[in-house]
Structure formats: structure tokens, C-alpha cells
Amino acid sequence: MDIRPARTVAELHAAQALFDGPARADWSERFLSAPGHLMLIAYVDGAPVGMVSGIEMIHPDKGTEMCLYELSVDEDHRRRGLGRALTEALAAEAESRGCYGMWVGVDTDNEAALATYGAAGARDEGVFRMLGWPFAR
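A brief look at the structure comes next. None of the values given here were measured: they were computed from a predicted structure.

## Focus on the layout of surface pockets
- Empty space within the largest pocket amounts to approximately 1900 Å³.
- Taken together, 48 residues make up the lining of the largest pocket; nearest its centre are Met51, Ser53, Tyr69, Glu70 and Leu71.
- Of all elements in the fold, only helix H2 (25–33), strand E2 (37–44), strand E3 (47–59), strand E4 (63–73), helix H3 (82–96) and helix H4 (111–119) reach the threshold of two or more residues within the lining of the largest pocket.
- Taken together, the residues of the lining of the largest pocket sort by class into 26 nonpolar, twelve polar and ten charged.
- Estimates place the volume of the second largest pocket at around 990 Å³.
- What lines the second largest pocket is a set of 29 residues, among which Trp103, Val104, Ala122, Arg123 and Glu125 lie closest to the centre.

Okay, here's the thing in C-alpha cells:
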């Protein structure tokens, strides 16, 4: 397995089977050009089999932390440590960028995600409730 950052739209499009939907060229370009946005892709035999994305978040009184935005591993490659390796790689990248920590929001019933993040060293920091503002497109 090889984990490396996505640097081109072509790399994102090659990995789009790992996303919730197809990658749009304009959004891919915007993602790649946005400071603090990062996607690491795991490859096995040259094929993308997993990805993790992160976004640096900065605040005047806290500094910078990394938000693990999304993690995905191809169904045929699950339960082999790829999710843990991707999470650990993102954490290492966050630390190398000077982030003071990393966090992720997880559904309380997502046992696979909870196990993956726990295996990668995350600890439960308490109850989390997410509220959203969906905008019509």
C-alpha cells in the first residue's frame, strides 16, 4: 500500500468511486487550490482503494486544528488496516503542519468508524450533536 496526497484533478477523478458521488472538475480544482484542504489516497497495485480528506481550521485564540472530513475504503479492501493507516497518515500530516490536534464527528452507531478511529489513537471526548443548515441548490 502506498499513501500519497492528491495533487491533480485526474487523481481525484480516478478515486471518485470512493466518494459519495461523482467528482466534478470545478469542485475538484477548487478543493486542490484551497489552502488547508488535503486528500490522501491509498493505492494498492496502482489502484486507488481508500481516501481520507482533511481541512485545516484556524481560530485567533486556538491556532490550527485538522478536521478529518471524510474517510472511505473500497469494500473489497476493508478490515485490512487501510482506514487506520489513512487516519494515522492524516494525523501525521496535521502534526507536521503545526496543528495542535485533529478531530472527527462520527455517528454514534457507526461501529466501523468508531473502531477505526480508536485503533488510530482517537479518544472519545464526549457527546457530540451536529446541527445543519441545508441550502437548496
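## With respect to the environment of Tyr69
- Residue placement: Tyr69 occurs in strand E4.
- In this structure the C-alpha to C-alpha distance between Tyr69 and Ala85, which are 16 residues apart in sequence, comes to 16 Å.
- Excluding residues within four positions of it along the chain, Tyr69 makes contact with Ser53, Gly54 and Ile55.

## Things to note about the pairing of E4
- Pairing between E3 and E4: ten bridges, direction antiparallel. Considered in E4, the bridge of His59 is made with Gly63.
- What sits between E3 and E4 in their antiparallel hairpin is a turn of three residues.
- The sheet contact formed by E4 and strand E5 (residues 102–103) spans two bridges and is parallel. Within the sheet, the bridge partner assigned to Cys67 lies in E5 and is Trp103.

Definitions and cut-offs
Residues numbered from 1 in each chain as written. Predicted model: local features only at pLDDT ≥ 70, side-chain atom pairs only at ≥ 80, totals over all residues. Heavy atoms only, no water. 1 Å grid on protein atoms, 1.4 Å probe; cavity = no way out; pocket = protein on both sides within 12 Å on 5 of 7 lines; lining within 4 Å. Points joined across faces, edges and corners; volume = space filled by probe spheres on them. Helix = DSSP H or I, 4+ residues; strand = E, 2+ residues; numbered from the N terminus. Nonpolar A, V, L, I, M, F, W, Y, C, P; charged D, E, K, R; others polar. Contact = heavy atoms within 4.5 Å. Pairing = 2+ DSSP bridges.

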